[in-house]
4 protein chains.
Amino acid sequence: MSLSRQGSNAQYTRVDAQHHDDDDDEYENEARTEGTVDELVESDDPEHPANLIPELCRGFYTLGWVTGTGGGISIKKGNLVYLAPSGVQKERILPSHIFVLPYPQPSVVKAHTERTFLRKPKQEGLKESACTPLFWNAFDLRSAAACIHTHSQHAVMATLLWKGETFEISHQEMIKGIRLGGTGKTLSYLDTLVVPIIENTPHEEDLTDSMNEMMKKYPDAAGILVRRHGLYVWGPTWQGTKTQAECLDYLFEIGVKMKLMGLSVCPAKEGGL
Amino acid sequence: MSLSRQGSNAQYTRVDAQHHDDDDDEYENEARTEGTVDELVESDDPEHPANLIPELCRGFYTLGWVTGTGGGISIKKGNLVYLAPSGVQKERILPSHIFVLPYPQPSVVKAHTERTFLRKPKQEGLKESACTPLFWNAFDLRSAAACIHTHSQHAVMATLLWKGETFEISHQEMIKGIRLGGTGKTLSYLDTLVVPIIENTPHEEDLTDSMNEMMKKYPDAAGILVRRHGLYVWGPTWQGTKTQAECLDYLFEIGVKMKLMGLSVCPAKEGGL
Amino acid sequence: MSLSRQGSNAQYTRVDAQHHDDDDDEYENEARTEGTVDELVESDDPEHPANLIPELCRGFYTLGWVTGTGGGISIKKGNLVYLAPSGVQKERILPSHIFVLPYPQPSVVKAHTERTFLRKPKQEGLKESACTPLFWNAFDLRSAAACIHTHSQHAVMATLLWKGETFEISHQEMIKGIRLGGTGKTLSYLDTLVVPIIENTPHEEDLTDSMNEMMKKYPDAAGILVRRHGLYVWGPTWQGTKTQAECLDYLFEIGVKMKLMGLSVCPAKEGGL
Amino acid sequence: MSLSRQGSNAQYTRVDAQHHDDDDDEYENEARTEGTVDELVESDDPEHPANLIPELCRGFYTLGWVTGTGGGISIKKGNLVYLAPSGVQKERILPSHIFVLPYPQPSVVKAHTERTFLRKPKQEGLKESACTPLFWNAFDLRSAAACIHTHSQHAVMATLLWKGETFEISHQEMIKGIRLGGTGKTLSYLDTLVVPIIENTPHEEDLTDSMNEMMKKYPDAAGILVRRHGLYVWGPTWQGTKTQAECLDYLFEIGVKMKLMGLSVCPAKEGGL
């Protein structure tokens, strides 16, 4: 099965319907009539992306990652990409708020362009997350299965205290939770973790090119920090993405604390082990 | 029972009754007899203000915003204003504890005066929140739909470290979550956020005038800090109010952390970007 | 109805049974046979002390007040005092773990003496909280309705940074949440809060006398700090006790933060407002 | 399926089956056929290790102890040891993910060797926790009933600020929650707490020998810190292990805060009480 952006809604509907009970037929027809494919976000499986995104966002809210409607997570499953609306309370998203886009589609990564959707929420005024083209970078350049964006204060503080192009830390057990390039094999305790930092822009979508360039310049980077803004991190699965988000956030937090206490954060480069 | 100047109690009751099942009639009559309109706070809709206020307050408690019975939220829907009692545990409020006032009514903004209510809780000893005239400032001067008051330590620490008339911060992504004047369009990343600070008074209601004056002096202000006390913040909807409360609190918190680390919090004015 | 420590179990059982359904009779007889009065801790009312103590302790655990089995709350209702066992995980207490003691009884305040119980948990090895005589100080000297003991790090840090006999803070809104002597009228914003600090002892019960003396020396004190240990705080009701515990903890926390930032914590005495 | 040297699989099955209803027989036979003994992890008892481990891990996640799949808990009950898989989200473990090993078995403590299992999860790719031989140290050397491993930042910061072979703290009430050697009698307030620190290694299993040696060198030690990594702590029961983990974590946290404020953490040695 191959889904492309050229495919009709019917194609997608057919494929997806294989996972649905027959008694959904009536609703499915109605959905088709309206030009949306609501069953793409309706499932009893708690690990269905449309159920996972709301649940994970509630957890991220508790961690302070998506406060004030910022941040979120996009999950790619097969050739479908699931993401949340822009500017909504992330801890209150429902499956019915989820957008579904076909993958691949090159238009996504051009900022401020029209994208192709398989499913849009019916609620008026909802727009896809402004992070969409940044999530797409992770899908395109790293074949990621998910991408998390946080506004974590630990990430932001790290970008303020590391004034150069990278955040660097070594000799921390949590480094072992990070994957090479985000989707490759995990780092060793002896590896130095390097997370590139790009400068913030007034419009989120305008980060697309600099993130793309930095991902190419640092092919081993597991995530990209945005100065005075937050983090983008991806992985081979949604679980692997969440794990790396937690490990990176932990490392930013402890790195900041170490700076406060006057400790050497990257003994591999600075000495002081 | 006293009525608002704009309309009879019957008007309010009639409007609200449209949202109620017929089988509520018996109770409604009883309520009317007692001089309260209990159905104003009885609804199965989780987004009804009488249900939202308790739920949101539980969340605010977790954030440390309304500890020790401090703080809270008032929601205005149409010409009804919903608010919680004074001096009660905000994480344990029930819909039956909610006061409902008709809007507008000028008496509210005079401190220590009698106000007009459409519904008061039956529980003895409950008094409307001492923040009532301060919430009213937001409704009157900014046409806000909700107003949140927090005792967040981040807000208080900000008022202690910014000793002048304003808290100022620039070059933070979260600034984009703040609205001009609290209810207008959102700020740009390039805007400097300015939050006026008023001096605390022994009685909460005595803040009414200085808050009012500061809101007029700073028409773009999205909230008012009270030195050694906390924050008042409002918005075009309850969601927008909560979003701005979260963004402001985040900015106070990171501003304080930046001061601790010796970083420039407002590079737009101080340089040091 | 008057319950004294001289009364027989049967007396207590009779009184309490008025709140029980008749179908409890069988169990009641069994309980009486075993010398315990289990129905004293069995109630459907969520505000019954035997239900409140477990629920409140779960909340205190989340706040970091009763970690590692430390801390807890005792509630006095009429002439019955309810408290939790010593050395158990406070976030996992069940109503069936609660001890019930008659009040008054002078033996309680003597450390390491036998006390009179109306109900003891059946589970072997459970002993009443070592805080019992300290709770009793609050009941005896202040006619308190509840007493909370925390191991909050904010309280402990305050006792380390305030090296004298008292913790003092002024010009904080949260001071208004504190009651004179713990059970009297609330303080004004213009009042200076003074919390006496006693020195820790190897055995918790040996704090009884010094706490007692300090409560007499500082009749306005709303709580007693124990250096390198934590806080005892009481109030006119369980709600008022919890409110004051939250306000004091907030004030300890912000006082410590202010010290860290080099700010004057008690401008009323130190100047610097 | 390979069996432990002490007994046949049938032995273990027989013992465990006493706790199962007869209607489990069918499934049991099936399980045996597949070479796993699934009923070892199936119980309605919330305190069964296979139910406790997931529940406790969810709590540890909230405390920041097992973020990014790190850390966890192993419980020994009779001659069965229960533990979680390696590299999975600890807050999402299910009973069906639990491994069961027979105890004793000497092969466990050799790093990178084959171990004997009574039950392995069916899900492909799951491997027993890399902490297994470290947990075994606690079972072998201290006759512990449980062992917790955390990546708590408080523990890691303590290992960075205490640069020698031990973390030391005195004159803190929470010291009284710690047991001599982890399983003996509890310390006194007058005792100095000493927690040995071993150096981290690239592979977790390679910590086995140095942990073992340090436990022998410090027979009174209730836990072992791993520099730049975290903590291992054990106890006489799972409750006692959790209590000590909370007390140690509290002491690491407050020790770090005291360093930040320039206070003497171990007055017993440093003076300054």
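Predicted model, so just to flag it, every value in this text is computed and none were measured. In this convention, every chain numbers its residues from 1, walking through the sequence in written order. The lettering of chains begins at A and the numbering of ligands begins at 1, in the order of writing. Two thresholds apply to this predicted model, a pLDDT of at least 70 for residue-level local features and 80 or more for giving and counting side-chain atom pairs, whereas whole-chain, interface and lining totals are computed over all residues. Side-chain numbers here rest on the full set of heavy atoms in the structure, without hydrogens or water.

### Focus: the relation of the copies chain D and chain A
Keep this limit in mind: All copies are superposed by least squares; the fitting set is the C-alpha atoms of residues with a pLDDT of at least 70 in both. In this description, contact between two residues means that some pair of their heavy atoms is separated by no more than 4.5 Å.
Once chain D has been moved 0.0 Å along the axis and rotated by 90°, it coincides with chain A to within an RMSD of 0.0 Å. Seen this way, the second copy is the image of the first under a four-fold rotation axis. When each C-alpha of chain D is compared by its distance to the rotation axis, D:Leu260 comes out closest, at 6.0 Å. In this assembly, only 4% of the residues forming the interface of chain D have copies in chain A that are likewise at the interface, indicating a heterologous arrangement.

### Regarding the sheet that holds strand 6 (residues 193-198) of chain C
All names here are of chain C. Stated precisely, the cut-off is as follows: Think of it this way: DSSP has to see at least two bridges between two strands before they count as a pair. Only DSSP runs of H or I with at least four residues qualify as helices, and only runs of E with at least two residues qualify as strands; both kinds are numbered from the N terminus onward. For helices, the fitted line uses only the C-alpha atoms of the stretch in contact; every axis is such a line through C-alpha atoms, and the angle between N-to-C directions lies from 0 to 180 degrees.
The eight strands lie next to each other as 3-2-1-4-8-7-6-5, forming an open sheet whose pairing is mixed. Each edge of the sheet is formed by a strand with only one pairing partner; in this case those strands are strand 3 (99-102) and strand 5 (166-169). When the angles between neighbouring strand axes are averaged without regard to direction, this sheet yields 20°. In this structure, strand 1 (residues 72-77) lies alongside strand 4 (residues 146-150), joined through four bridges in antiparallel fashion. Bridging from a neighbouring strand, Ile73 pairs with Ile148 of strand 4. On top of the sheet, helix 6 (residues 208-217) reaches strand 6, strand 7 (223-226) and strand 8 (230-235); it is set at about 155° to strand 6, its chief contact.

### Details of the UniProt feature "binding site: Zn(2+)" (unreviewed entry) in chain A
Residues and elements named next belong to chain A. Put simply, the rule is: UniProt positions are given in the numbering used here, feature names are shortened, and annotations may be inferred rather than shown by experiment. Side-chain atoms alone can form a polar contact between residues adjacent in sequence; in general such a contact is a pair of N or O atoms within 3.5 Å, and within protein one must be able to donate a hydrogen while the other accepts it.
In this structure's numbering, the residues bearing the UniProt feature "binding site: Zn(2+)" (unreviewed entry) are His149, His151 and His229. These annotated residues cover 81 residues of sequence, but their C-alpha atoms sit close together, with the largest distance between any two at 10.0 Å. Here His149 is to be found in strand 4 (residues 146-150). Ignoring any residue separated from it by four or fewer positions in sequence, one finds His149 in contact with Val66, Gly71, Gly72, Cys131, Phe135, Glu204, His229, Leu231 and Tyr232. Side chain to side chain, His149 and His151 meet in a polar contact 3.3 Å long.

### So, the UniProt feature "active site" (unreviewed entry) in chain A
This chain's UniProt record puts "active site" (unreviewed entry) on A:Glu173. Tracing the backbone through its elements, the reader meets A:Glu173 in the loop between strand 5 (166-169) and strand 6 (193-198). Residues in contact with A:Glu173, not counting those within four places in the same chain, are A:Tyr189, D:His151, D:Asn200, D:Thr201, D:Glu204, D:Arg228 and D:His229. A distance of 3.0 Å separates the side chain of A:Glu173 from the side chain of D:Asn200, its partner in a polar contact.

### Concerning the environment of C:Ile53
Residues and elements named next belong to chain C. Operational definition: Under the scheme applied here, a residue whose accessible area is under 20% of the maximum for its type counts as buried, over 50% as exposed, and between as partly exposed, the area being computed with a 1.4 Å probe on protein chains only.
Tracing the backbone shows Ile53 in helix 3 (residues 49-62). Classification of Ile53 by relative accessible area gives buried; the value is 0%. Taking the C-alpha atoms as reference, Ile53 lies 7.6 Å from Ala84; in sequence the two are 31 residues apart.

### Concerning the relation of the copies chain B and chain A
Superposing chain B onto chain A requires a rotation of 90° together with a translation of 0.0 Å along the rotation axis, leaving an RMSD of 0.0 Å. The overlap is low: 4% of the interface residues of chain B also sit at the interface in chain A, so different surfaces are used on the two sides.

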